[in-house]
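Overview (structure and organization)
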Amino acid sequence: MSRDASIELVWGEGLTKFAMRIGELRMLEEKRKAGIVEILRRMESESWYVDDVYETLRIGLIGGGKPPTEAYRLVETYCANRPIVESFLTAYGVLGAGLRGAPGEDDTEKKTETATETEATEEVTATV
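The structure reproduced in this document is the subject of the present report.

The rules behind each value
Residues numbered from 1 in each chain as written. Predicted model: local features only at pLDDT ≥ 70, side-chain atom pairs only at ≥ 80, totals over all residues. Heavy atoms only, no water. Buried < 20%, exposed > 50% of the residue type's maximum accessible area, 1.4 Å probe, protein only. Helix = DSSP H or I, 4+ residues; strand = E, 2+ residues; numbered from the N terminus. Arc of directions from axis to C-beta. Contact = heavy atoms within 4.5 Å. Phe/Tyr/Trp six-rings, centres within 6.5 Å; stacked < 30°, edge-to-face > 60°.

**Things to note about helix 1 (residues 22–32)**
Among all positions of helix 1, only Glu24, Leu25, Leu28 and Arg32 are buried. The buried residues of helix 1 all sit within an arc of 100° when viewed along its axis, so they share a single face. In helix 1, the exposed positions angled more than 90 degrees off the buried face are occupied by Ile22, Arg26 and Glu30. Here the buried face of helix 1 lies against strand 2 (14–19), helix 2 (36–44), helix 3 (50–63) and helix 5 (85–100). Of the residues trailing helix 1, lysine 33 is marked for its positive phi of about 50°.

Printed below as a string of structure tokens:
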């Protein structure tokens, strides 16, 4: 399975890589003074704080390989100076990928194999 807690999303200046591995998740918890699941639940229940979105994106950009100064510039430009809701879904996706992983090539191959196995089983069952 190809789940490395990174995800590429169109945000800011185009296709952007984010990653929320253990180190980044810990940074977010420390910065927000809340557990990751609590932050995720706030996002899911639409009771999130502005900095839940802002810090998720900033830390996710750093995890994705951006230097801290570049990550700060990007969130200031595309998050702090624009309606925050524009960045909410991106932050939610970044945090979700950190917790559950983002589907990778292996997942697609596995789904194809499972579908083929199911079709084969249905064919055998139908002929019996």
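**Some words on the packing of aromatic side chains**
Summed over all chains, the structure comprises four aromatic pairs. Both rings, one in tryptophan 11 and one in tyrosine 78, keep their centres 6.0 Å apart while their planes meet at 70°; by these two values the pair is edge-to-face. Of the two residues, tryptophan 11 is situated in strand 1 (residues 6–11) and tyrosine 78 in helix 4 (residues 68–80); the sequence distance between them amounts to 67 residues. Among the residues examined, tryptophan 11 registers a relative accessible area of 6% and is labelled buried. Residue class for tyrosine 78 comes out partly exposed when judged on its relative accessible area of 23%. Residues phenylalanine 88 and tyrosine 92 carry aromatic rings whose centres are separated by 6.2 Å and whose planes lie at 20° to one another, so their mutual orientation is stacked.

**Looking at the environment of methionine 43**
Within the secondary structure layout, methionine 43 lies in helix 2. Put simply, methionine 43 and leucine 95 are 52 residues apart on the chain and 9.7 Å apart in space, counted from C-alpha to C-alpha. Ignoring sequence-local partners within four residues, the contact set of methionine 43 consists of Trp48, Asp52, Val53, Thr56, Phe88, Ala91, Tyr92 and Leu95.

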